[in-house]
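Listed below are the residues making up each chain.
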Amino acid sequence: MELVRGDSQAPFQFEKNINKCKKIMANVMQSVRLDKLTLNIGIGAPGERLENAKVLLERISGGKAVMTQSKDRNPTFKIRKGDNIGCKVTLRGKSAKEVLVKALDVRDNALAESSFDKFGNVAFGVKEYIDFPGMKYDPKIGMMGFDVCITLSKPGKRITVRKIASRKLSKKQRVGREEAKVFMESAYKVKIELPVEE
């Protein structure tokens, strides 16, 4: 795995964990795959800007965006429970892979180690949509960025979402942080940027 941390090398323990993950993922039932890709824009209030954000996500993804609602009321920002405050679009399969490749290209295929959580999810932001390949500035939309959230999974995840006889997923079938790093490096040539030690 290609690691970046100034001029110093990655810790030995980190490399040891990566090699262990590669051996485990050689098993077909332990192989990590891209489950879904979610693009999200949070505006914080309903209105024209939110509608423009929805149009933007649909242009970028080619999919249908849906509104996201507030879960609580916030008198300070004049937000009521159930108000539309953002939008998102979820992609799977071939379209998810195509959009992900373009989104990673904006970041020069480099992700911070903090972008990976312990459940195998990966998230990063795109500051301005005009950086996204194929997108041009639209004066009606203005300048706007969006979040990219990657959900990874292993075979067998279906048992947690099926309606009949649903079960908890065993710890072995959950995607860990190190496994997510190995997958992103091998499948999308991602460079992991470790935090710089002061």
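Preceding this section is the structure that the text describes.
Residues numbered from 1 in each chain as written. Predicted model: local features only at pLDDT ≥ 70, side-chain atom pairs only at ≥ 80, totals over all residues. Heavy atoms only, no water.

A. Quick look at a nonpolar patch on the surface. Together, Ile130, Tyr137 and Met143 line one region of the surface with nonpolar side chains, adding up to about 280 Å² of accessible area. Within the fold, tyrosine 137 resides in the loop between strand S6 (121-126) and strand S7 (146-153). (Patch = residues over 30% accessible without salt bridge, like charges linked within 9 Å, V, L, I, M, F, W, Y side chains within 5 Å. Areas by Shrake-Rupley, 256 points an atom, 1.4 Å probe, with all protein chains shown as cover. Salt bridge = Lys/Arg side-chain N within 4 Å of Asp/Glu carboxyl O. Helix = DSSP H or I, 4+ residues; strand = E, 2+ residues; numbered from the N terminus.)

B. Molecular detail of the side chain of serine 153. Position of serine 153 relative to the elements: it lies in strand S7. Discounting residues that sit within four places of it in the chain, serine 153 has contacts with Ser31, Val32, Arg33, Asp35 and Val175. (Contact = heavy atoms within 4.5 Å.)

C. Molecular detail of unusual backbone geometry. Although it is not a glycine, asparagine 109 adopts a positive phi angle of roughly 55°. Counting through the fold element by element, asparagine 109 comes out in the loop between helix H3 (93-106) and strand S5 (110-112). We note that lysine 189 has phi near 55°; this positive angle belongs to a residue other than glycine. Topologically, lysine 189 is positioned in the loop between helix H4 (177-188) and strand S8 (191-193). In this structure lysine 189 comes out as exposed when scored by relative accessible area, which is 59%. (Buried < 20%, exposed > 50% of the residue type's maximum accessible area, 1.4 Å probe, protein only.)

D. Region of interest: the pattern of salt bridges. Within this structure, the stated rule accounts for 5 salt bridges. Arginine 59 is paired through a salt bridge with aspartate 138; the nearest N and O atoms lie 2.8 Å apart. Of this pair, arginine 59 sits in helix H2 (residues 48-61) while aspartate 138 sits in the loop between S6 and S7, and the two are 79 residues apart along the sequence. On the basis of relative accessibility, which here comes to 15%, the residue aspartate 138 falls in the buried class. One salt bridge connects glutamate 179 with lysine 154, and the closest N-O pair in it is separated by 2.8 Å. Note that glutamate 179 is positioned in helix H4 and lysine 154 in the loop between S7 and H4, a separation of 25 residues in sequence. As far as burial versus exposure is concerned, glutamate 179 and lysine 154 are alike and both buried.

E. Region of the structure containing H3. Compared with the 20 Å implied by 1.5 Å per residue over 14 residues, the 21 Å span of H3 between its first and last C-alpha is a close match. Within H3, the full set of buried residues consists of Ala96, Val99, Leu100, Ala103 and Leu104. The arc that holds every buried residue of H3, seen down its axis, measures 135°, which confines them to one face. Note on H3: the residue one or two positions beyond its end, aspartate 108, has a positive phi of about 55°. (Expected span 1.5 Å × (residues − 1). Arc of directions from axis to C-beta.)

F. Expanded view of the layout of surface pockets. The space that makes up the largest pocket amounts to roughly 460 Å³. Among the secondary structure elements, those contributing two or more residues to the lining of the largest pocket are helix H1 (12-25), S7 and H4. Tallied by class, residues from the lining of the largest pocket come to 6 nonpolar, 6 polar and 9 charged. (1 Å grid on protein atoms, 1.4 Å probe; cavity = no way out; pocket = protein on both sides within 12 Å on 5 of 7 lines; lining within 4 Å. Points joined across faces, edges and corners; volume = space filled by probe spheres on them. Nonpolar A, V, L, I, M, F, W, Y, C, P; charged D, E, K, R; others polar.)

G. Fine view of the nonpolar core. The biggest cluster of nonpolar side chains holds 42 residues, and the ones touching the most others in it are Leu37, Leu39, Phe146, Ile150, Leu152 and Met184. Only strand S2 (33-42), H2, strand S4 (84-91), H3, S6, S7 and H4 provide two or more residues apiece to this core. Beyond its immediate sequence surroundings of up to four residues, leucine 39 is in contact with Leu57, Ile60, Ser61, Cys87, Lys88, Val89, Val99, Phe146, Asp147 and Val148. (Core = buried A, V, L, I, M, F, W, Y, C linked by side-chain atoms within 4.5 Å.)

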